[in-house]
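Overview (structure and organization)
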Amino acid sequence: MKIEGQIRIPSGCAISAAISRDGKKMSGELIAGSMKPMHDRSNGLGGGFAGYGIYPEYKEFYAFHMFFDSRDTRKQCEAFLKERFEIVQSEIIPTRKIPEITDEPIIWRYFAAPLKSVFTSLQLEEKEFVAKTVMKINAEMPGAYVFSSGRNMGAFKAVGFPEDVGVFYKLEEYEGYSWTAHGRYPTNTPGWWGGAHPFTLLDYSVVHNGEISSYDANRRFIEMFGYQCTLQTDTEVIAYIMDYLLRIQGLTLGEAASVIAAPFWSTIAAKTDLEDQKKHTYLRTMFPSLLITGPFSIVLGFEGGLMALNDRLKLRSMVVGEKDDKVFIASEEAAIRTMEPNAENIWSPAGGEPVIVQVKEGAFS
Amino acid sequence: MQIIDAANLDYRAVNEALREAETDYIIKGCCGQRFLAAGMSGKNLIIHGIPGNALGAYLNNATITVNANAQDAVGDTMNEGKILIHGNIGDAAGYAMRGGKIYVQGNAGYRAGIHMKAYKEKIPVMIIGGCAGSFLGEYQAGGVIIVLGLHKDGRRIVGNFPCTGMHGGKMFLRDSCEEIHFPGQVTAKPAAAEELEEIREYLSEYCLDFGYSVDELLSGPFTVVTPDSKNPYQQMYAAN
């Protein structure tokens, strides 16, 4: 087998996203199609999607998407869940048998509500209880992985090229007001089902092109707060960092972006807006271990919106475009043009400059 | 003129069709196919749609016209020829180019002209009509980079950290650059009349391509940036 260097492997992950500011629903087929012109950025070892607003009939319930290695594991996990949740629906996630996607685990979903008596006796707030449950399953139950745990949203991921993963999961049957997508080209870590993007916790999801040089520093810090990195891929830590900064610390999206893609000290020192300078100095001082170094372009999905962000040196490409109520984000303009040939205002955000798109208040469900 | 419909072709198929084409050609329906015209000589190519990354990589004296934006790494390591973009270009345009011209009507992303060099009689030229992102001319070793700052919309002509590691060539920015911080190993000063004469020929060609007036362009204030020394790293680690 020839290795990189003997042959050129022209790739480097692909991300893509679409959102309607009016909360209008888009079929998952749209986002899956956007990955086709970026085919060569992936190598078939991972593809995935996150859709928001896809489960309106179960919107009050947490949707757990799970991988199980065997029926026994599923039974054990289900028994564990039933002690803590009321499960209102339990089913196989519908998939298509296609030759491009093989060796799938058991792919299941539960719609569930946490039992109030349980989380109040533990003195936990509801979301914290759900997050802790996810961590416990992923860390302590061999062969069981929660890969999606938000309300009215879901992640779909597999080993394969992203456009095939879209066909596999029948994404054309889902409609969401916001979608993210990822095509994977793993460089340092195994290409397995749990390692495909998006990485999620509660309603946060992250797709990521790049590699995190600061991974272990970030991981050591975030594991002090009860998060456990179990999925063998650096991107996982970004999902937990965002949950920690946004949900636990209560930072705004912009502030969280300033923590993980903090400007250089020299850039902060040169700021003429003194309030802004003070804010950045504070954030870099408070959360030095959450600065993410190395190349990245990410899209963070959350209930009601998206945030796109590049590393501060902008070592990965990212393009944004608009059309009417829709905003599109992708590694390449070609992907945006596939979703909307007449997209306007195509631009590339600067390194560390977050692009935050939110659905109008009350317009998403 | 031969027309290649790229709508349902991958980059290999498009490039094979290009290599077989005996005349000049038009690619229509382009959407992200990479490496178009890589290493190509002696042909003219017009692209409709969005060409993929590394357009005109190793270009060897062909002319490429793009009627839209182009993506990353346009003209990577090109040797000769001309790439004309009627739109914006992505990151790392002209990476290590050692000859030829890249003329852009719109803006450039990050790291335009990174590691641009020159070779014997070859002097590569990149002209960016709008603004350039950060790290413009990073490690520039030769050639000429010109940024015109047209349609700036209140933005700075160049982002942060221009000329980092620059040790050869010249950069012209059509701006007084009072807000721009340059690194220690370069000198940025207002361009003298004779220095502007050096780039008149390129700008005249650019104006013909995009319909501007060269005298109007040259009437703006220009800052010229050149490296201070032929050996800027002599004292990087130790004085010797």
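Whatever comes next refers back to the structure up there.
Residues numbered from 1 in each chain as written. Chains lettered and ligands numbered in written order. Predicted model: local features only at pLDDT ≥ 70, side-chain atom pairs only at ≥ 80, totals over all residues. Heavy atoms only, no water.

**Focus on the overall build of chain A**
Rules: Helix and strand assignments come from DSSP, with helices taken as H or I runs of at least 4 residues and strands as E runs of at least 2, each series counted from the N terminus. To get the radius of gyration, use the C-alpha atoms; to get the globule rule, take the number of residues to the power 0.38 and multiply by 2.2 Å. Whether a residue is buried, partly exposed or exposed follows from its accessible area with a 1.4 Å probe, protein chains only, as a fraction of its type maximum: under 20%, in between, or over 50%, in that order. Throughout, a contact is declared for two residues whenever any of their heavy atoms are within 4.5 Å. Accessible surface area values rest on a Shrake-Rupley calculation with a 1.4 Å probe, where residue burial reflects the displayed protein chains alone. The sign given to each residue is positive for Lys and Arg and negative for Asp and Glu; His and the chain ends receive no count. Charged side chains are reduced to one point each, which is NZ for Lys, CZ for Arg, CG for Asp and CD for Glu.
Scanning chain A for helices and strands turns up 11 helices and 18 strands. Whereas a compact globule of 365 residues would reach a radius of gyration of roughly 21 Å, chain A reaches 20 Å, a difference of no more than 12%. In terms of overall dimensions, chain A has C-alpha extents of about 60 × 50 × 45 Å along its principal axes. Burial statistics for chain A: of 365 residues in total, 59% are counted as buried. Taking all contacts inside chain A whose residues are at least 6 apart in sequence as the whole, residues at least 24 apart take part in 74%. When the accessible surface of chain A is split by element, carbon and sulfur atoms take 50% of a total near 14300 Å². Looking at charge distribution, chain A has the averaged site of its 38 positive side-chain charges lying 2 Å from that of its 46 negative ones.

**Remarks on the interface of chain B and chain A**
What counts, and what does not: Note on definitions: buried area is the accessible-area loss of two parts on being combined, 1.4 Å probe, summed for both. In what follows, salt bridge is the name for a side-chain nitrogen of Lys or Arg lying within 4 Å of a carboxyl oxygen of Asp or Glu. Here a polar contact is taken to be a pair of N or O atoms separated by no more than 3.5 Å, where protein atoms must pair a possible hydrogen donor with a possible acceptor and residues adjacent in sequence count only if both atoms sit in side chains.
The partner chain A presents 21 residues to the 17 residues of chain B that form the contact. Of the roughly 1500 Å² buried where chain B meets chain A, counting both sides, 49% is carbon and sulfur surface. When the buried area of chain B at its contact with chain A is split by residue, B:Cys31, B:Arg34 and B:Tyr110 rank highest and sum to 31% of it. Seen at the junction of chain B and chain A, the total is 2 salt bridges. With a shortest N-O distance of 3.7 Å, B:Arg34 and A:Glu332 are connected by a salt bridge. Linking chain B with chain A are 9 residue pairs in polar contact (both at pLDDT 80 or more), by the criterion used here.

**Regarding helix H8 (residues 253-260) of chain A**
Of all the 8 residues making up H8(A), 6 are buried; the element is thus mostly covered by neighbouring parts of the structure. Taken as a whole, H8(A) has its buried residues at A:Leu253, A:Ala256, A:Ala257, A:Ser258, A:Val259 and A:Ile260.

**Quick word on the packing of aromatic side chains**
Residues and elements named next belong to chain A. Basically, it comes down to this: Here a Phe, Tyr or Trp ring, Trp counted by its six-membered ring, pairs with any other such ring whose centre lies within 6.5 Å, and the pair is stacked when the planes are under 30 degrees apart, edge-to-face when over 60, and tilted otherwise. When the NZ atom of lysine or the CZ atom of arginine is within 6 Å of a ring's centre and also within 35 degrees of its normal, the charge is said to sit over that ring.
The full count for this structure, using the stated rule, is 25 aromatic pairs over all chains. Ring centres of Tyr145 and Trp192 lie 5.0 Å apart, and the angle between their planes is 70°; this geometry places the pair in the edge-to-face category. Placement of the pair is Tyr145 in strand S7 (residues 144-148) and Trp192 in the loop between strand S10 (178-183) and strand S11 (199-201), with a sequence separation of 47 residues. An aromatic cluster is built from Tyr55, Tyr58, Phe61, Phe67, Phe111, Phe147, Phe156, Phe168, Tyr169, Tyr174 and Trp193, whose rings are joined through pairwise contacts. Taking the ring centre of Phe264 as reference, the NZ or CZ of Arg312 above it sits at 4.2 Å.

**A look at the sheet that holds strand S16 (residues 326-330) of chain A**
What holds strands together in a sheet is hydrogen bonding between their backbones, with the strands either parallel or antiparallel. All names here are of chain A. Where we set the bar: Strands are treated as partners if at least two bridges between them are detected by DSSP. Axis lines are fitted to C-alpha atoms, over the contacting stretch for helices. Their N-to-C directions set the angle, which ranges from 0 to 180 degrees.
Spatially, 7 strands are ordered S8-S3-S10-S1-S16-S15-S17 in an open sheet, and the strand pairing comes out antiparallel. Whereas interior strands pair on both sides, the edge strands pair on one side only; in this sheet they are strand S8 (153-158) and strand S17 (344-347). Averaged over all pairs of adjacent strands, the angle between their axes in this sheet comes to 10°, without regard to strand direction. When strand S15 (residues 319-323) meets S16, the two strands line up antiparallel, connected through 5 bridges. When the sheet's bridge partners are listed, Lys323 is paired in S16 with Lys326.

**Regarding the pattern of salt bridges**
All names here are of chain A. Following the criterion strictly, the structure yields 34 salt bridges over all chains and no others. Residue Asp216 is joined to Arg220 by a salt bridge in which the shortest nitrogen-to-oxygen separation is 3.8 Å. Of this pair, Asp216 and Arg220 both sit in helix H6 (residues 215-223), separated by 4 residues, roughly a single helical turn. Between Lys323 and Glu344 there is a salt bridge, with the nearest N and O atoms lying 3.4 Å from each other. Remark: Glu344 occurs in strand S17 and Lys323 occurs in strand S15; sequence separation between them is 21 residues. If you follow the salt bridges from partner to partner, you end up with Glu128, Lys132, Asp243 and Arg247 in one network.

**Topic: the sheet that holds S7(A)**
All names here are of chain A. Pairing within the open sheet is antiparallel, and its 4 strands lie in the order S5-S6-S4-S7. Whereas interior strands pair on both sides, the edge strands pair on one side only; in this sheet they are strand S5 (85-92) and S7. On average, each strand axis in the sheet is tilted by 30° relative to the strand beside it, whichever way the strands run. Across 4 bridges, the pairing between strand S4 (residues 62-68) and S7 is antiparallel. Across the sheet, Met66 pairs through a bridge with Val146, a residue of S7.

**Here we look at the nonpolar core**
Side chains that are nonpolar tend, in soluble globular proteins, to be buried together. For clarity, the cut-off: Take the buried residues of types Ala, Val, Leu, Ile, Met, Phe, Trp, Tyr and Cys, join any two whose side-chain atoms come within 4.5 Å, and each joined set is a nonpolar core.
With 60 residues, the main nonpolar core has A:Phe64, A:Ile137, A:Tyr240, A:Leu245, A:Ile260, A:Leu290 and A:Leu300 as its most contacted residues. At 9 residues, helix H7 (residues 235-248) of chain A tops the list of elements feeding residues into this core. If sequence neighbours within four positions are ignored, A:Leu300 has contacts with A:Tyr204, A:Ser205, A:Val206, A:Met242, A:Leu246, A:Leu253, A:Gly305, A:Leu306 and A:Met307. By size, the runner-up hydrophobic cluster in this structure holds 48 residues, among which are B:Leu36, B:Leu59, B:Ile85 and B:Cys163.

**A word on unusual backbone geometry**
Residues and elements named next belong to chain A. In the segment running from His197 into Pro198, the intervening peptide bond is cis, with an omega of 0°. Mapped onto the secondary structure, Pro198 falls in the loop between S10 and S11. Even without being a glycine, Asn152 presents a positive backbone phi close to 55°. Topologically, Asn152 is positioned in the loop between S7 and S8. With a phi close to 55°, Lys170 is a non-glycine residue in the positive phi region. Mapped onto the fold, Lys170 is located in the loop between helix H5 (162-168) and strand S9 (175-176).

**Focus on the pairing of strand S1 (residues 14-20) of chain A**
A regular strand carries its side chains on alternate faces of the sheet. Residue and element names in this part refer to chain A. Most of S1 is tucked away: 7 of the 7 residues are buried. Burial along S1 is two-sided: Ala14, Ser16, Ala18 and Ser20 facing one way and Ile15, Ala17 and Ile19 facing the other are all buried. Direction of pairing for S1 relative to S10: antiparallel, over a ladder of 6 bridges. Bridge assignment links Ser16 to a residue of S10, and that residue is Ala181.

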